[in-house]
Amino acid sequence: MSKIAIVGGGIAGLTAAVELAAAGNRVLIIEKGSEIGGNVESYGCKAVDICTKCNLCLVDDIINDVSSSKNIEILYRTSINDFRGKTGDYTLGIETDGELYSVDNLEYIVLATGFTKWSELETGTPEAFKDNRILWASELEESIKNRIDRENGQDVIDLGYSPESVVFIQCNGSRNMQEKARYCSRICCGYNYRMARVLKHYYPEVDINMFYMDIQEGGFIQDISFSDLAENDIGCINCKPVRIEKNDNNLILHYENQLTGKTESIATDLIVLSEGVHANEVNEKWADLFNLQIDDYGFLMPIESEEQTGIFLAGTVKGPKDIAGTISDSKNIAYRIKNARNLSKSGG
Amino acid sequence: MYDVVFIGNDIKSPSLSSFQINPAQLLTARGEIGNFYLKYKDDKEDLNEVETRAVVINIEAEKETPATGLLSFERNLDNILRNTRKDYIVIVQDYNELAPAIVSKEGLEKAIDIRKRFPDLNVYYFYRSMRFIDNNDRRFEQARKMGIVFLKYERDNLKITDSRELIYNREDINLKLKDNIIMAPELKPAAVLDRVARIFNLRKSEKGYLQPENIYLQPTLSGKRGVYVLGGARGTTGYSNLTDEVEFTLNEIRNKTIDPVIEQERVVDDQKCILCYNCYRICNHGAIERDEVLDAMKINYLACQGCNACIARCPAGAISIAGSEDKKQSKGLKVMMCENSAQPAWKKAGNKVRTALNLEIEEIPCACSIKKEDLFNHLSNPENRLLILGCFEESCKHINGDKRGQQVVDEVKATLEKLDLNPERLTFKRLSPRMTADLEYFLSAWKEDSL
């Protein structure tokens, strides 16, 4: 019986797998790591007194469905090194724990290998950012993930100290020629806005400021407005700081006030850096292997219609997307595969 | 029978049969996903009815121009620009509040168009945040290269006076510009949305759009299964990913209604059903309909999401899950966990913690499925305690199941109070599936407190 191969066990791949498996298709997930979940596994819930709509709950729902589905098989620690065959009957050469295998009879292949965080790139951490009081958003995430909601006034996010002030700096690895990303990553504003609210929830006294270039929408169903920011007591400074000065007591950010043109400075205990969404380097391999096109920034685009070739792209291999956007994109890919399948079955 | 009826703008799709109804002419809607019946008046005032599997509400948001008397995006400006004695044209975005990304896109297009056709005019573009969708990043770059002057402002340094003069002050620039000021629109829900919401019995968002803010409704679900909301009917961000959302919606309709995968779990016993319509009212997904043949209520399996709210609220005990057994009487400390939040968090807690806590756990599909009588049953023994763990409202899979659960708990607590039966023994808490650490801490504190 023919199968659908899904490359990548992150949220994009899992969503497509669940949708296709529920319709009775046999699905093979090929995952390079030892666990499924991908990037979302490292995220933490960003609820405060209320839900901030970070969408993580959707992920758990999907992971539950994957583990209970009888139609889904997962190959862990597996990479792909060969692709052959013809439309509707492909074969993939794979390598699991050093052993070579091939899986054939693949009707469709979905590439869902996601993105790379800016901080994971070699060029990602400039010298100025090396300080334990300067965190990437994903490092703060670790603390948020491990937080405990104790109602007795203890510190709840374990940073090793209790910051009195936090500064978020947006647009790292985005909108910058030198950083090879002229594009806006679109998700970091919403992401850090939620982070800021979580910090405010656990440290009500903390002073929060955000350096921004342009505030983007916060996601599918949440827009961020200046009044939201003001309501949550998050200050905004419209520029990128020019210099970070470090001393034993605190960090001092120097920036140019856009109204007055004067150089001003702000002292803080903690700096959180947003991280741009970058293309996964494996995209180049996919482009070669599956005859796909790579855009200026390394994201994938299909050359021919995906229905024609049977090679589909799902989620952030195509460009920055948030969790909800990735899930709906992958669902849509699954729907399209089902449609294509029904058409070919009915001989149309 | 159509595959889809569009209320508002029509979207043609080769694989779906469709029909269009003007929202002002729509009169009533009944039925559920798979079988909606819509009554409307046609242009000749004749009454008609159509049958459809799904409904898409696609109504543009209303555009309001802030600061009246100024030019708007819609207006054809050619005459004004051809005859103007000024050497500039001004576009102002984000005047009262941040504009959604679609407005940034339209603003940039407008500016580029004016610059191309009227190269002698300086174009000043005032904005607070440029928002990026589609190719806006490139458009923004192109516009700057073309010599459009982008000036960022904050609340304090840009003002439009009653005499329609724009005053802008920055350290190096002081501008006073009168006339030729185009204001980017603010998006507001269309007035007709109220009427459409009433007809379909839809809950609205705080801002008045037809999609309540619930993460499970993304991208275009409305809360009532089979009814989708697009673009300006969905919210101000409804335009940002419109192409993708249209494709998703049409493909979902095709996959969920034409060739669906159906799991039949819940059944109504027609001999017990008293047609009280409680289940119909309580269902958040529009999954209950009347079976005219059996003269009883029945479940629409396309719409049913399995929250069990109908089972909990049926006074006749007519609804049940096939193959389920009667619950046994529980003792001591008991925790009811929602399968969408606390239960997955509990699973992740690890065997060691679970064994150490040694609690009686009941998995429930939603906090809305708790029954008063079950709660009283357990709490009738003064030694017993009960903890109910549900979701946050915006992440409740059953739209407002957590609120319904909370209502039941509040009522039971009030009764216990009256009977002097210590209401503190009953607790309700909201969690997300990622709050494993919170859950562990809370459960051990609750257990300690109870003993």
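Residues numbered from 1 in each chain as written. Chains lettered and ligands numbered in written order. Predicted model: local features only at pLDDT ≥ 70, side-chain atom pairs only at ≥ 80, totals over all residues. Heavy atoms only, no water.

Examining the state of the cysteines
Residue and element names in this part refer to chain B.
Logical step 1: Applying the stated criterion to the full structure yields zero disulfides over all chains.
Logical step 2: Looking at the unpaired C310, the closest cysteine sulfur is the one in C307, lying at 6.5 Å.
Logical step 3: Free cysteine: C368, not disulfide-bonded; nearest cysteine sulfur from C366 at 3.2 Å.
Logical step 4: For C368, a relative accessible area of 5% corresponds to the buried category. (Disulfide = S-S within 2.5 Å. Buried < 20%, exposed > 50% of the residue type's maximum accessible area, 1.4 Å probe, protein only.)

Points about the nonpolar core
Logical step 1: The biggest cluster of nonpolar side chains holds 69 residues, and the ones touching the most others in it are I7, L38, I57, Y125, F150 and F200 of chain B.
Logical step 2: Per-element accounting of this core gives the leading share, six residues, to helix α2 (residues 101-117) of chain B.
Logical step 3: The contact partners of I7 of chain B, leaving out residues within four places of it in the chain, are I21, P23, L26, L38, V55, V56, I57, N58, I59, V196 and F200 of chain B.
Logical step 4: V40, C54, I62 and A112 of chain A belong to the second largest nonpolar core, which has 44 residues in total. (Core = buried A, V, L, I, M, F, W, Y, C linked by side-chain atoms within 4.5 Å. Helix = DSSP H or I, 4+ residues; strand = E, 2+ residues; numbered from the N terminus. Contact = heavy atoms within 4.5 Å.)

Quick look at the sheet that holds strand β24 (residues 426-431) of chain B
Note: strands within a sheet are paired through backbone hydrogen bonds, in either parallel or antiparallel orientation.
All names here are of chain B.
Logical step 1: On the basis of which strands lie adjacent, the open sheet formed by four strands has the order β22-β21-β23-β24 and parallel pairing. Of all the strands in the sheet, just β22 (360-364) and β24 have a single pairing partner and so form its edges. Taken pair by pair, the neighbouring strands of this sheet meet at an average axis angle of 20 degrees, ignoring direction.
Logical step 2: As defined by bridge partners, strand β21 (residues 333-338) adjoins β22 across five bridges and the pair is classed as parallel. Considered in β22, the bridge of V335 is made with I361.
Logical step 3: Lying on the sheet, helix α11 (residues 401-418) is in contact with β23 (385-391) and β24; it crosses β24 at an angle near 165 degrees. (Pairing = 2+ DSSP bridges. Axes fitted to C-alpha atoms, helices over the stretch in contact; angles between N-to-C directions.)

Some details on α2 of chain B
Note on helix geometry: an α-helix contains 3.6 residues per turn, so any two residues three or four positions apart are oriented the same way.
Logical step 1: Along its 17 residues, α2 of chain B runs 25 Å from first to last C-alpha, staying within 8% of the 24 Å computed at 1.5 Å per residue.
Logical step 2: For α2 of chain B, the set of buried residues is A101, I102, V103, S104, K105, G107, L108, A111, I112, I114 and R115 of chain B. (Expected span 1.5 Å × (residues − 1).)

Notes on the side chain of T52 of chain A
Logical step 1: Relative to the helices and strands, T52 of chain A resides in the loop between β2 (27-30) and α2 (56-68).
Logical step 2: Here T52 of chain A is in contact with K46, A47, R194, R197 and Q222 of chain A, once residues within four sequence places are set aside.

Some points on the domain arrangement of chain A
Residue and element names in this part refer to chain A.
Logical step 1: As far as domains go, chain A holds domain 1 (3-46 + 56-114 + 280-346) and domain 2 (117-277).
Logical step 2: Domain 1 and domain 2 are separated by 33 Å when their C-alpha centres are compared.
Logical step 3: In this complex, domain 1 contributes 15 residues to the contact, which on the side of domain 2 involves 17 residues.
Logical step 4: With both sides pooled, the region where domain 1 packs onto domain 2 buries about 1400 Å², and carbon together with sulfur makes up 65% of that total.
Logical step 5: On inspection of domain 1 and its partner domain 2, the count reaches one salt bridge.
Logical step 6: Note that E141 and K46 form a salt bridge whose closest N and O atoms lie 3.0 Å from each other.
Logical step 7: At the boundary of domain 1 with domain 2, the tally comes to two residue pairs in polar contact (both at pLDDT 80 or more). (Domains from an automatic or database assignment. Buried area = accessible area lost by both parts, 1.4 Å probe. Salt bridge = Lys/Arg side-chain N within 4 Å of Asp/Glu carboxyl O. Polar contact = N/O pair within 3.5 Å; in protein donor to acceptor, adjacent residues only side chain to side chain.)

With respect to the interface of chain B and chain A
Logical step 1: Contacts between the two partners involve 61 residues from chain B, matched on the other side by 62 residues from chain A.
Logical step 2: Buried surface at the junction of chain B and chain A, summed over both partners, amounts to about 5400 Å²; 47% is from carbon and sulfur atoms.
Logical step 3: On the surface where chain B and chain A come into contact, there are twelve salt bridges.
Logical step 4: Of the charged contacts in the structure, one is a salt bridge between E41 of chain A and R434 of chain B, with a shortest N-O distance of 3.7 Å.
Logical step 5: Between chain B and chain A we count 35 residue pairs in polar contact (both at pLDDT 80 or more) in total.
Logical step 6: Breaking the side of chain B that touches chain A down by element, the ones donating at least two residues are α3 (136-145), α5 (242-258), α8 (342-348) and α12 (436-450) of chain B.
Logical step 7: Looking at the side of chain B that touches chain A element by element, the count peaks at eight residues for α5 of chain B.
Logical step 8: Grouping the constituent residues of the side of chain B that touches chain A by class yields 19 nonpolar, 15 polar and 27 charged. (Nonpolar A, V, L, I, M, F, W, Y, C, P; charged D, E, K, R; others polar.)

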